[in-house]
Amino acid sequence: MRVLLVDDEEELVSALGERLVLRNIEAEWFTTGSAALKRVASCCFDLAILDMKMPKIGGLELREKLRARCPDMKFIFLTGYGSEKDFASARGTDADYMVKPVDIERLLDTMQTLFNRSKGDT
Amino acid sequence: MKTTVRKQDDQGLRFFGQVIASVTHDIKNSLATINENAGLLTDHAAMAARGRPLDPEKVNVLAMRIMDQVKRADGLLKNMNRFAHSVDDSLKKVDLNEILQLLAALSVRFAAMSGANLDVQPSPKPVVIETSPFGLLNTLFLCLEVAMTAAGQGGSICLRPEKTDNGACVHFGPLPDAAMSNQDHCLSAFIDARLVKNSATRTLTLIIHDL
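Going along each chain's sequence as written, the residues are numbered from 1 onward. Lettering for chains starts from A, numbering for ligands starts from 1, and both go in the order in which the items are written. The model is predicted, so local features are restricted to residues of pLDDT at least 70 and side-chain atom pairs to those at 80 or more, both for listing and for counting; the totals for chains, interfaces and linings are taken over all residues.

Draft legend 1. Looking closely at the overall build of chain A. The helix count covers DSSP runs of H or I at least four residues long, the strand count covers runs of E at least two residues long, and both are numbered beginning at the N terminus. Helix and strand counts for chain A stand at 5 helices and 5 strands. Helices and strands in chain A line up, N terminus first, as β-α-β-α-β-α-β-α-β-α. At 13 Å, chain A has a C-alpha radius of gyration in line with the 14 Å of a compact globule built from 122 residues. With the C-alpha coordinates aligned to their principal axes, the bounding extent of chain A is approximately 35 × 30 × 30 Å. Counting other C-beta atoms within 10 Å of a residue's own tells you its class, since 20 or more makes it buried, 12 or fewer makes it exposed, and anything in between is partly exposed; those C-beta atoms are placed from the backbone. Considering chain A as a whole, with its 122 residues, one finds that 40% of them fall into the buried category. At a minimum sequence separation of 6, the contacts of chain A that also span at least 24 residues come to 57%. Atoms considered for the radius of gyration are the C-alpha atoms alone. The globule rule reads 2.2 Å times the number of residues to the power 0.38. It is the C-beta atoms, placed from the backbone, that decide contacts: two residues are in contact if theirs lie within 7 Å.

Draft legend 2. Spatial organisation of the environment of B:Leu136. All names here are of chain B. Within the secondary structure, Leu-136 sits in helix α5 (residues 133-151). Along the primary structure Leu-136 and Leu-62 are separated by 74 residues, whereas in three dimensions their C-alpha atoms are 41 Å apart. Beyond its immediate sequence surroundings of up to four residues, Leu-136 is in contact with Val-94, Ile-99, Thr-131 and Ile-191.

Draft legend 3. Quick look at the environment of B:Ala147. All names here are of chain B. Mapped onto the elements, Ala-147 comes out in helix α5. Classification of Ala-147 as buried rests on a count of 27 C-beta atoms within 10 Å. On a C-alpha basis, the gap between Ala-147 and Leu-204 in space is 7.6 Å, while along the polypeptide they are 57 residues apart.

Draft legend 4. Molecular detail of the interface of chain A and chain B. Of the residues lining the interface, 15 residues belong to chain A; the matching set on chain B comes to 17 residues. The dominant element in the side of chain A that touches chain B, judged by the number of residues it contributes, is helix α1 (residues 10-22) of chain A, at 7 residues. For the side of chain A that touches chain B, the residue count by class is 8 nonpolar, 1 polar and 6 charged. Residues are grouped as follows: Ala, Val, Leu, Ile, Met, Phe, Trp, Tyr, Cys and Pro are nonpolar; Asp, Glu, Lys and Arg are charged; all remaining types, including Gly, are polar.

Draft legend 5. Unusual backbone geometry, seen in detail. With an omega of -10°, the peptide bond running from A:Lys100 to A:Pro101 counts as cis. By secondary structure assignment, the location of A:Pro101 is in the loop between β5 (95-99) and α5 (104-121). Cis geometry is adopted by the peptide bond preceding B:Pro174, which originates at B:Gly173 and carries an omega value of -5°. Positive phi outside glycine occurs at A:Lys56, with the angle close to 65°. Examined against the element boundaries, A:Lys56 turns out to sit in the loop between β3 (47-51) and α3 (59-69).

Draft legend 6. Just α5(B), in detail. All names here are of chain B. Multiplying 1.5 Å by the residue count of a helix minus one yields the expected span of that helix. In a regular helix each residue adds 1.5 Å, so 19 residues correspond to 27 Å; α5 covers 26 Å between its end C-alpha atoms and thus fits that length. Burial analysis of α5 places 15 of its 19 residues in the buried class, the great majority of the element. Just downstream of α5, Gly-152 is the residue with a positive phi angle, here 75°.

Draft legend 7. Local environment of the environment of B:Gln101. Residues and elements named next belong to chain B. In this fold, Gln-101 is placed in helix α3 (residues 96-106). On the basis of neighbour counts, which here come to 16 C-beta atoms within 10 Å, the residue Gln-101 falls in the partly exposed class. The sequence separation of Gln-101 and Pro-122 amounts to 21 residues, and the corresponding C-alpha distance is 8.4 Å.

Draft legend 8. Structural context of the sheet that holds β5(A). All names here are of chain A. Paired strands, as defined in this entry, are two strands with at least two bridges between them according to DSSP. Ordered by their spatial adjacency, 5 strands build an open sheet running β2-β1-β3-β4-β5, and the pairing between neighbours is parallel. Edge positions in the open sheet fall to β2 (26-30) and β5, since each of these has one partner strand only. Averaged over all neighbouring strand pairs, the angle between strand axes comes to 20°, with direction disregarded. With 4 bridges joining them, strand β1 (residues 2-6) and β3 adopt parallel strand pairing. Each axis is a line fitted through C-alpha atoms, and for a helix only the stretch in contact is used; angles between axes span 0 to 180 degrees, taken between their N-to-C directions.

Draft legend 9. Geometry of the sheet that holds strand β4 (residues 156-164) of chain B. Residues and elements named next belong to chain B. One open sheet accounts for 5 strands, arranged β2-β4-β5-β7-β6; its pairing is mixed. Two strands bound the open sheet, and with one partner strand each, they are β2 (117-120) and β6 (193-198). Strand after strand, the sheet turns through a mean of 20° between neighbouring axes, direction not considered. Relative to strand β5 (residues 167-173), β4 is paired through 7 bridges, and the arrangement is antiparallel. Pairing of Glu-162 across the sheet is with Cys-169, part of β5. Helix-sheet contacts for α3 involve β2, β4 and β5, and the interaxial angle to β4 is about 160°. On top of the sheet, α5 reaches β4, β5, β6 and β7 (203-209); it is set at about 175° to β7, its chief contact.

Right, dumping it as structure tokens:
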């Protein structure tokens, strides 16, 4: 599974990325949506873990841009304190959300669930 | 009259809510960063238990990150506590140098989201006025919102206090020329203050009178 992480909190996203790599997941991380978009211009990921609220390009807007490049990509949104409206926007057949701080085992379960869902579709 | 008081109360509550939501969001980020870095430490410890050598430099970096985040969260809580106490006195002598530092600290996230950079240039001497501390913060925040919108992405806003004969003023700028029109709508009625624009210096100036 190839995973893209984007969060403007550098020390958060790098530590989470390293933890995924230690679990044999191919992960790359970025602190801005524009840097992530540059990366997906040359390769697609199976799943993106996106912070909901970031400067310039927020998580929901970034999802639309990533989808245009990688239509099969799944999404997990991370949020500090999301509103019900945020949660409703984030959830879907190809997406879920988690409230920070996240439990790594729960995150892995959510990733697997979304990944299996996409495999089941094909 | 009742409508005006109600409007002030609503605006004050809205401001209070905005600040608390922003600060708690930052505290959540700090806790999440601590969580991931502590988790990564335990991952390395678990690998060391299975025989993989532990890199002391890596352990040190992760521990330092955790300590930095604890300091960050402590700073956020201190500012939130100071902000919460701004409602204690309806009239108090305050130093604008200190109030602007607090405002800038409370507005870091708002500035980041709007892409603006804030810079407080304190006066060499205290700029003391007698006013409502919460009303002052609210009014300054409203002016800052206007200035950040006017500055746009990547813009820098300098906040500079100055003592006047019957109070003080705060300059926000420099702002783009195009943003200098129609900026007269942002004031609350919490304190005796008015916002004026100076196209020559491309600044908005909040003139505050002692209450």
